[in-house]
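Structural description and commentary
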Amino acid sequence: MNKILLSLILCCLVGTADVRAQRFGQWEDISPAGAEEILLFGLRFYDDDLGIAVGQNTSSGTGFIVRTTDGGANWSVGSIPNAHLRDVDYFNRDDILIGGYDGPPGTKTLFVTSTSAGDDWNISETSGVKGINNIDIVNEDVAYTLGYGDPFGFTTSVLTTTDRGENWSVALAQGNLYGVALQFIDPLVGFFGATDFNKGFLYLTTDGGSAWNTIEFNEWTEDISFLDSYVGFVLAQEKLYRTVDGGISWTSTSVNELHARILFLDNMNGIAVGESGQSEYTDDGGETWNALATGVQVNLESLSRQGDFIYASGRGGTVLRLDLNDAPEDVVTIDSDLADDKLDFGSVAASESAMIELGISNTGTAPLIISQIALQSEFAGVFALVNPPALPLELLPGQSMKLSVVFNPGEDGKVYTGELIISSNADNEANFAIALSGIGGTPSSVGSRFEGPELSMALQLSPNPVRERAQVTLDVTTLRADDIELLLLDLHGRPLRSFVRPSVTSGRHHFDIELGDLAAGRYYLLAQFAGRSVQTPLLLIP
């Protein structure tokens, strides 16, 4: 069984890709009038017009079939006494299957079928299995159901048919287990989630239910959503588990404990609904979730997709619809952490250099793709980038990157200007320009000292020239603690090694540095603190 599953995963794994384009609009309430006493457990639309929801009146024990043929504008309601109807699916537009069980405690399975798109219904019973909770119809002939084999739901059963429900056989009967969700990718490959009320389980088959693999989780399983035979999600009580290799390995992230149902459209974009009308969406594979108002306060019990719509149903006869075509358009915007997008080095002595780190952020709702980072100046070599990133570079919404720019003035008293150009797919500025400026100054005013209203720094190195080791002294006046990082740079501004001291406050701080393994020559020592930098030349001698 493991060999069959592994070969299936390997042949499909080449096609995996992250998709970050799908966005979500707002839920629309299309609930049927007069159905407020009905708890709707299952809801499926065949197309934009034909939809059927099934459930029960929990007080009277009456089962209900709620049907629309005009996309939810109008509904008809039919009832079946002493019935609990749990799920519905379609072999085709005319042939429809509803599953459930008789009134409490549930002693026999009920199948309600139609061959007329729901105009008429027939009721049949199946012995050996006491009830149906989930239905998944794979094609016009093959279907699977998930149910239980005793009145209290502690024996999970999977039934299958290959003749459109005329005959059913047992694909699995497992004791001390309660099945919660069922999904088949094709007639052979399928999954179902279950719990023993202590742990959660995922059952996998690749041969139509003759053999099953089992994966155990530490929490109850609530729901599953698989995109294909290898990429899928399992919702537990407080975590969402994700696999991209058919269940061989998993990653997990915390989720809202109110989540009850999940539906993923691709391996990044998904919807969750649950208790008290709660609904959220994710566009990063479940790492983060965002609220998506439903306008209702009832528990939502089902979640399904048909075409460009997502549907949910629940208590109070609630039916909700989400139109994916109403999603807001993605925007891509770029911004920096500089005031007026200007980078001013001030005065720096001709014998020294200065480096400033700036942040570039994606402030839009879609990935920012940076294709080029270039420095433009009539003064060749005066401005330089330190370790520029490999391109193209993708920043997801909310992500940032750091760029370090070095200023190397050649003459005292000279004004230098330039531009840092960042080319990307940004809608606001495809060629984002940051103005650069600096002045060749005097050693006493630049380099190893910075003075500001909330921060001052002074950097000293002793001895200098250095043979093997030296002591660095940094005097800091600051209003807050921050990390100090010392960087040893070569003449091109490239970092050679780094020394970090965390949570530095006002005062004098000493660093001992070992340099004996470096080649003799000229270097720069740079100190970074609270977004500001000071530096001093360093001469290493044999």
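Scroll up a little and you will see the structure.
As the structure is a computational prediction, the values presented were derived from the model and not from experiment.

Structural notes on a nonpolar patch on the surface
- Together, Phe154, Phe197 and Trp220 make up an exposed nonpolar region whose accessible area comes to about 270 Å².
- Examined against the element boundaries, Phe154 turns out to sit in the loop between strand S11 (143-148) and strand S12 (155-161).
- Looking at Phe154, the relative accessible area reads 41%, which means it is partly exposed.

As for the packing of aromatic side chains
- One pass over the structure, following the stated rule, counts 19 aromatic pairs.
- Between Phe264 and Trp289, the aromatic rings sit 6.3 Å apart at their centres with planes inclined by 80°, giving edge-to-face as the arrangement. Placement of Phe264 in strand S22 (residues 259-264) and of Trp289 in the loop between strand S24 (279-282) and strand S25 (290-291) is noted, with a sequence separation of 25 residues between them.
- Residue Phe264 is classed as buried on the basis of its relative accessible area, which comes to 5%.
- Trp289 sits in the buried class, given a relative accessible area of 16%.
- Between the aromatic rings of Phe309 and Tyr311, the centroid separation amounts to 6.1 Å while the plane-to-plane angle is 40°, which identifies the pairing as tilted. Across this residue pair, the class does not change: Phe309 and Tyr311 are buried.
- Through a chain of ring-to-ring contacts, three or more aromatic side chains come together here, namely Phe45, Trp75, Phe309 and Tyr311.
- Note that Arg86 overlies the ring of Phe41, its terminal NZ or CZ placed 3.9 Å from the centroid.

Looking at the nonpolar core
- Counting 30 residues, the largest nonpolar core has Leu343, Leu358, Ile360, Leu420, Ile422 and Ile434 as the members making the most contacts within it.
- Within the residue set of this core, elements represented by two or more residues are strand S30 (342-349), strand S31 (354-362), strand S32 (368-376), strand S33 (383-386), strand S35 (400-407), strand S36 (415-424) and strand S37 (431-441).
- Apart from residues no more than four positions distant in its own chain, Ile360 is found in contact with Ile334, Asp335, Ser336, Leu395, Gln399, Ser400, Met401, Leu403, Ile422, Phe432 and Ile434.

Some points on the pairing of strand S45 (residues 532-540)
- Where strand S44 (residues 521-529) lies against S45, nine bridges are found, and the strand directions are antiparallel. For Arg522, the partnering residue across the bridge sits in S45 and is Leu539.
- Once S44 ends, the chain turns through two residues before running back antiparallel as S45, passing Ala530 with a positive phi of about 50°.

Focus: unusual backbone geometry
- Here the bond from Leu391 into Pro392 is cis, since omega is 0°, no more than 30 degrees from zero.
- Cis geometry marks the peptide bond from Ser462 to Pro463, where omega comes out at -5°.
- Topologically, Pro463 is positioned in the loop between strand S39 (455-462) and strand S40 (469-478).
- Phi is positive for Ala117, which is not a glycine, with a value near 60°.
- Secondary-structure assignment places Ala117 in the loop between strand S8 (109-114) and strand S9 (122-126).
- In the Ramachandran plot, Arg164 falls in the positive-phi region, its phi being about 60° despite a non-glycine side chain.
- For Arg164, the position within the fold is in the loop between S12 and strand S13 (169-175).

Details of the sheet that holds strand S20 (residues 239-243)
- Reading across the sheet, the four strands line up as S18-S19-S20-S21 and stay open at both edges, with antiparallel pairing between neighbours. Here the strands that pair on one side only, and so sit at the sheet edges, are strand S18 (221-226) and strand S21 (251-254). On average, adjacent strands in this sheet sit at an angle of 20° to one another, irrespective of strand direction.
- Sheet topology places S20 next to S21; four bridges connect them, and they run antiparallel. Bridge pairing in S21 links Leu240 to Thr253.

Things to note about the sheet that holds S22
- One open sheet holds the four strands; their spatial order is S22-S23-S24-S25, and the pairing between them is antiparallel. Only two strands of the sheet have a single partner each, and these edge strands are S22 and S25.
- One ladder, built from four bridges, connects strand S23 (residues 270-274) with S24; its direction is antiparallel. Bridge pairing in S24 links Ala272 to Glu280.

A few points about the pattern of salt bridges
- Considering all chains together, one arrives at 15 salt bridges under this definition.
- Among the ionic pairs, Asp196 bridges to Lys199, the shortest N-O distance being 3.5 Å.
- As a salt-bridge pair, Lys414 and Glu411 come within 3.9 Å of each other at their nearest N and O atoms.
- Bridged by salt links that share partners, the residues Asp95, Glu140, Asp141 and Arg164 form one connected network.

Thoughts on the side chain of Ser424
- By secondary structure assignment, the location of Ser424 is in strand S36.
- Residues within four places of Ser424 in sequence aside, it is in contact with Ile334, Leu368, Ile369, Ile370, Ser371, Glu429 and Ala430.

Some words on the environment of Glu166
- Checked against the element boundaries, Glu166 lands in the loop between S12 and S13.
- Exposure remark for Glu166: the relative accessible area of 65% places this residue in the exposed category.
- Separated by 25 residues in sequence, Glu166 and Asp141 have C-alpha atoms that sit 9.7 Å apart.

Details of the environment of Glu287
- Mapped onto the secondary structure, Glu287 falls in the loop between S24 and S25.
- For the pair Glu287 and Ser225, spaced 62 residues apart in the sequence, the C-alpha separation amounts to 16 Å.
- Ignoring any residue separated from it by four or fewer positions in sequence, one finds Glu287 in contact with Thr253 and Thr282.

Points about the side chain of Thr333
- Positionally, Thr333 belongs in the loop between strand S28 (318-323) and strand S29 (334-336).
- Of the polar contacts made by the side chain of Thr333, one reaches the backbone nitrogen of Gly364; its length is 3.0 Å.
- Non-local contacts of Thr333, meaning those with residues more than four positions away in its chain, are made with Ser361, Asn362, Thr363, Gly364, Ala426 and Asn428.

How each quantity is defined
- Residues numbered from 1 in each chain as written.
- Predicted model: local features only at pLDDT ≥ 70, side-chain atom pairs only at ≥ 80, totals over all residues.
- Heavy atoms only, no water.
- Patch = residues over 30% accessible without salt bridge, like charges linked within 9 Å, V, L, I, M, F, W, Y side chains within 5 Å.
- Areas by Shrake-Rupley, 256 points an atom, 1.4 Å probe, with all protein chains shown as cover.
- Salt bridge = Lys/Arg side-chain N within 4 Å of Asp/Glu carboxyl O.
- Helix = DSSP H or I, 4+ residues; strand = E, 2+ residues; numbered from the N terminus.
- Buried < 20%, exposed > 50% of the residue type's maximum accessible area, 1.4 Å probe, protein only.
- Phe/Tyr/Trp six-rings, centres within 6.5 Å; stacked < 30°, edge-to-face > 60°.
- Lys NZ or Arg CZ within 6 Å of the ring centre and 35° of its normal.
- Core = buried A, V, L, I, M, F, W, Y, C linked by side-chain atoms within 4.5 Å.
- Contact = heavy atoms within 4.5 Å.
- Pairing = 2+ DSSP bridges.
- Axes fitted to C-alpha atoms, helices over the stretch in contact; angles between N-to-C directions.
- Polar contact = N/O pair within 3.5 Å; in protein donor to acceptor, adjacent residues only side chain to side chain.

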